[in-house]
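Chain by chain, the residues run as shown.
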Amino acid sequence: CAGRVEVQRDGRWGTVCDDDWGLPDATVVCRQLGCGAALAAPSGAWFGEGSGPIWLNGLRCRGTEEHLARCRHRGWRPHVCAHEEDASAVCSGCVWAWCTQVPPTSGSQAPTDAASLPGGPAVRLVGPTGRCAGRLEIFHAGHWGTVCDDLWGLPDAAVVCRQLGCG
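Per an unreviewed UniProt entry, the protein is named DMBT1 protein, and its organism is Eurystomus gularis.

Here it is, written out as structure tokens:
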């Protein structure tokens with residue numbers, strides 16, 4: 001559950017401009033898609049530029065709306081905004097009713113709830129919200145350890161999410 005935000009209007013798909021775009025707006029998108037909590041609201045066409053009309057601009061969601069169309073905005077019409085400004089959303093991929101707790105594991109064996117690529121270390125996310133959100137841990141030399149956030153960004157998080165099957 002992460003990507004460029006697009007909306008359909010009058011049978012045509014278009015994008016949303018990132019002017020005034022923020023976490024409350026991404027929260028509404030994630031809720032509308034059933035994708036859990038909003039983790040980030042990247043701007044600047046983070047997931048690539050769209051095409052066609054830019055239907056919405058200047059969104060001002062409170063974060064409590066059920067649908068993006070219920071947020072304040074500058075009107076449903078093509079806007080003077082370039083696709084290099086397409087808004088994006090990164091969601092947890094975990095809807096609360098479907099989440100399963102992943103308890104911290106001690107010991108020297110990688111648990112079956114961790115994900116590992118061939119030839120790579122096992123990773124997991126540990127926290128109270130389920131397997132698709134939390135602190136990143138890596139299994140190395142028989143022990144679980146954390147990962148430093150220096151130079152950490154959304155591309156790194158996207159790799160971990162894909163490796164864990166979280167979107």
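Peer 1: Can you lay out the overall build of the protein for me, pointing to particular residues and giving the numbers?
Peer 2: Counting its secondary structure elements, the protein contains two helices and ten strands. The secondary structure elements of the protein, listed N-terminal to C-terminal, are β-β-β-α-β-β-β-β-β-β-β-α. Residues counted as buried form 40% of the 167 residues belonging to the protein. Relative to all contacts within the protein whose residues are 6 or more apart in sequence, the contacts with residues 24 or more apart total 66%.

Peer 1: Would you mind going over the state of the cysteines in detail, with residue names and values included?
Peer 2: Working definition: the covalent bond between the sulfur atoms of two cysteines is a disulfide. This model, assessed by the stated rule, comprises four disulfides. The side chain of Cys-17 participates in a disulfide bridge whose partner is Cys-81; the two sulfur atoms lie 1.9 Å from each other. Taking the torsion about the sulfur-sulfur bond, which here is approximately 75°, the covalent link between Cys-17 and Cys-81 counts as right-handed. Residue Cys-17 is located in the loop between β3 (12–16) and α1 (23–33), and its partner Cys-81 is located in the loop between β5 (54–56) and β6 (88–91); the two are separated by 64 residues in the primary sequence. The partner cysteine of Cys-30 in its disulfide is Cys-91, sulfur to sulfur 2.0 Å.

Peer 1: How would you explain the nonpolar core if you had to name every residue and give the values?
Peer 2: Residues Val-5, Val-16, Trp-21, Leu-59 and Leu-68 are the most contacted members of the largest nonpolar core, which totals 19 residues. Mapped onto this core, the elements with two or more residues apiece are α1, β5 and β6. With four residues, the top contributor of residues to this core is α1. What Leu-59 contacts, discounting residues up to four positions off in sequence, is Val-16, Asp-19, Asp-20, Trp-21, Asp-25, Leu-68, Cys-71, Arg-72 and His-73. Among the nonpolar cores identified, the runner-up in size contains eight residues, and Leu-125, Val-160, Leu-164 and Cys-166 belong to it.

Peer 1: Provide a residue-level description of the sheet that holds strand β4 (residues 38–40), including the pertinent values.
Peer 2: To summarise the sheet geometry, strands pair through backbone hydrogen bonds and adopt either a parallel or an antiparallel arrangement. Strand order in the open sheet made by the three strands is β1-β6-β4, with antiparallel pairing throughout. Both outer strands of the open sheet, β1 (2–4) and β4, are each paired with one neighbouring strand and no more. When the angles between neighbouring strand axes are averaged without regard to direction, this sheet yields 35°. Here β4 pairs with β6 via two bridges, running antiparallel. Paired with Ala-40 across the two strands is Val-90, which belongs to β6. Sitting on the sheet, α1 is in contact with β4 and β6, with an inclination near 135° to β4.

Peer 1: Run through the pattern of salt bridges, naming residues and quoting values.
Peer 2: A side chain of one charge can pair with a side chain of the opposite charge if their charged atoms are brought near each other. Tallied over the full model, the rule gives six salt bridges. Residue Asp-20 is joined to Arg-60 by a salt bridge in which the shortest nitrogen-to-oxygen separation is 3.2 Å. Residue Asp-20 is found in the loop between β3 and α1, and its partner Arg-60 is found in the loop between β5 and β6; the two are separated by 40 residues along the sequence. Arg-60 sits in the partly exposed class, given a relative accessible area of 44%. For Glu-137, the salt bridge goes to Arg-124, with nearest N and O atoms at 2.6 Å. Note that Glu-137 is positioned in strand β9 (residues 135–140) and Arg-124 in strand β8 (residues 122–126), a separation of 13 residues in sequence. You can call Arg-124 buried: its relative accessible area is 3%.

Peer 1: Requested: an account of the packing of aromatic side chains, with residues and values cited.
Peer 2: Counted under the stated rule, the structure contains zero aromatic pairs. Against the face of Trp-144 rests Arg-124, its NZ or CZ located 3.9 Å from the ring centre.

How each quantity is defined
Residues numbered from 1 in each chain as written. Predicted model: local features only at pLDDT ≥ 70, side-chain atom pairs only at ≥ 80, totals over all residues. Heavy atoms only, no water. Helix = DSSP H or I, 4+ residues; strand = E, 2+ residues; numbered from the N terminus. Buried < 20%, exposed > 50% of the residue type's maximum accessible area, 1.4 Å probe, protein only. Contact = heavy atoms within 4.5 Å. Disulfide = S-S within 2.5 Å. Core = buried A, V, L, I, M, F, W, Y, C linked by side-chain atoms within 4.5 Å. Pairing = 2+ DSSP bridges. Axes fitted to C-alpha atoms, helices over the stretch in contact; angles between N-to-C directions. Salt bridge = Lys/Arg side-chain N within 4 Å of Asp/Glu carboxyl O. Phe/Tyr/Trp six-rings, centres within 6.5 Å; stacked < 30°, edge-to-face > 60°. Lys NZ or Arg CZ within 6 Å of the ring centre and 35° of its normal.

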